[in-house]
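# Residue-level structure breakdown
In case you want the letters, here they are:
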Amino acid sequence: MSGQRQESVRIQEHGLDVGALRSRHYNATVAWMRRVHEDLLLMRVVPDGPLPSFRPGQWATLGLGYWEPWLAGCRVEEPGPESLTRLVRRAFSISSPVLDATADRLIRPEEERFLEFYIVLVREGLEEGDLPAFTPRLFPLEPGARIWLGPKITGTYTLDPIRPGQDVLFCATGTGEAPHNKMIWHLLRSGHEGRIASVVCCRRREDRAYLDVHRRLERLYPNYAYMTLTTRDAGGPKKYIQDAIASGELEEATGLRLDPERVHVFLCGNPAMIGIPVEREGRTVYPNPKGVIEVLEKERGFRADRRNLPGNIHFEKYW
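Below is a short write-up of the structure. (Residues numbered from 1 in each chain as written. Predicted model: local features only at pLDDT ≥ 70, side-chain atom pairs only at ≥ 80, totals over all residues. Heavy atoms only, no water.)

### Things to note about the overall build of the chain
What counts, and what does not: To qualify as a helix, a DSSP run of H or I must reach at least 4 residues; to qualify as a strand, a run of E must reach at least 2; elements of each kind are numbered from the N terminus. A radius of gyration in this sense is built from C-alpha atoms; the matching globule rule multiplies 2.2 Å by the number of residues raised to 0.38. Exposure classes here rest on a 1.4 Å probe applied to the protein chains alone. A residue is buried below 20% of its type maximum, exposed above 50%, and partly exposed in between. Two residues qualify as a contact provided that any one of their heavy atoms is within 4.5 Å of a heavy atom in the partner residue. The accessible surface values rely on the Shrake-Rupley method and a 1.4 Å probe; as for residues, cover is taken only from the protein chains in view. Counted as positive: Lys and Arg. Counted as negative: Asp and Glu, with His and the chain ends omitted from the count. Each charge is placed at NZ for Lys, CZ for Arg, CG for Asp and CD for Glu.
Helix and strand counts for the chain come out as nine helices and 13 strands. Here the C-alpha atoms of the chain give a radius of gyration of 21 Å, agreeing with the 20 Å that 2.2 N^0.38 yields for 319 residues. On the principal axes, the C-alpha backbone points of the chain span a range of 65 × 50 × 45 Å. Across the 319 residues in the chain, those meeting the buried criterion constitute 51%. If you take every contact in the chain between residues at least 6 apart in sequence, the share linking residues at least 24 apart comes to 72%. For the chain, the computed accessible surface area is about 15600 Å², with 47% contributed by carbon and sulfur atoms. Here the chain contributes 44 positive and 43 negative side-chain charges, whose respective centroids are spaced 1 Å apart.

This is how it looks when you write it as structure tokens:
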């Protein structure tokens, strides 16, 4: 039975008034969607009230009712009767279109009257018993649908460490690119004079939802460079960000020299790419396989943020 039909049966069995539940809980509207492909979408959400203030790099929380139908072909978390009227909520970094509709200039703040999100469909859990609940219910939505938006936007993954003239490298996997788009927009709009490079590793070429935007930025801003890597393209080389750093390919492609005296690195996405170390008995232990942090610390003289000890490698911590 499809998710939509199965959920309809459950709603009828428990006598739920879906219209009333949506009116009671939802406080925002999906204003626009672009389906990159069946498992990847861009979405803009407009709250009923004023747009919350936030800093580039921060994240918001979206919510949908457990009563909503889910996409066929997904294994989802199905709540018991006592939870059917509750919301399932997930945090997502806020992205940005970066450019306006003409693609000739950066979008102005007054034109960005929405929050943009970059979301991948999770069809089944990574571990047994860990089934997705949110994205299978999100992907059937169309523009005009209602949704819940959390009242507070938060997060410590921001541009606070950056000083004028410093170089900035953004490294992401997949939809981890989202906060970097907003951060890049802010740096370029502020007239940042240091070099800025963004490197994104995804599975296939068709996953590069923002490729055209960043190629345009390269033409508009001489101090900006964009690099993409893929890991599952048929016949193509399998490349990871840590390999591109170690080999020197990243520096050659972007023109940004990895000098720890002037470069800040931002990492967002798959924890295996980031490779957050732990301290054990006075020594640093890196995870296996090797992540970007280990490559930069051991081979290039960088240092990741530690508790009460800021470094020049910064990473998103809500994973």
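Resuming the write-up.
### Notes on the pairing of strand β7 (residues 167-173)
Threshold: Paired strands, in this sense, are two strands between which DSSP finds at least two bridges. The handedness of a crossover follows from its direction of travel: if, with the strands pointing away from the viewer, the path from the first strand over the helix to the second runs clockwise, the crossover is right-handed.
With seven of its seven residues buried, β7 lies for the most part within the structure. In terms of strand pairing, β7 meets strand β10 (residues 263-268) through six bridges, oriented parallel. Residue D167 lies in a different strand from β10, and its bridge partner there is V263. In this sheet, strand β8 (residues 196-202) lies alongside β7 in parallel orientation, the contact comprising six bridges. Considered in β8, the bridge of C171 is made with V199. Taking the sense of rotation as the criterion, the β-α-β connection linking β7, helix α4 (residues 178-189) and β8 turns out right-handed.

### Regarding the sheet that holds strand β3 (residues 59-65)
The pairing of strands in a sheet happens through backbone hydrogen bonds and is either parallel or antiparallel. Inclusion rule: Helix axes are fitted to C-alpha atoms over the stretch in contact, other axes to C-alpha atoms as well, and angles between N-to-C directions run from 0 to 180 degrees.
Spatial strand order, β4-β3-β6-β1-β2-β5: six strands in an open sheet with antiparallel pairing. Each edge of the open sheet is held by one strand with a lone partner, namely β4 (87-93) and β5 (115-120). Along the sheet, successive strands turn relative to each other by an average axial angle of 40°, direction set aside. Note that β3 and strand β6 (residues 146-149) share two bridges and pair antiparallel. Each bridged residue has a counterpart across the sheet, and for G63 the counterpart in β6 is W148.

### Considering the packing of aromatic side chains
For clarity, the cut-off: Aromatic pairs are defined between Phe, Tyr and Trp rings, using the six-membered ring for Trp, whenever the two ring centres lie within 6.5 Å; interplanar angles under 30 degrees are classed as stacked, those over 60 as edge-to-face, and all others as tilted.
Tallied over the entire structure, the rule returns five aromatic pairs. For the ring pair F92 and F134, a centre distance of 5.6 Å and an interplane angle of 45° mean the geometry is tilted. Taken as a pair, F92 in strand β4 and F134 in the loop between β5 and α3 (135-138) lie far apart in primary sequence, 42 residues in all. With relative accessibility at 13%, the residue F92 sits in the buried group. F134 gets classed as buried once you look at its relative accessible area, which sits at 2%.

### Comments concerning the sheet that holds β10
If you walk across this open sheet you meet the five strands as β9-β8-β7-β10-β13, and the pairing is parallel. Two strands bound the open sheet, and with one partner strand each, they are β9 (224-230) and β13 (313-315). Across the sheet, the mean angle separating the axes of adjacent strands is 15° when strand polarity is ignored. Where helix α9 (residues 292-300) meets the sheet, its contacts fall on β10 and β13, and the angle it forms with β13 comes to roughly 170°.

Treat this as a map of the structure, not an account of what it does.
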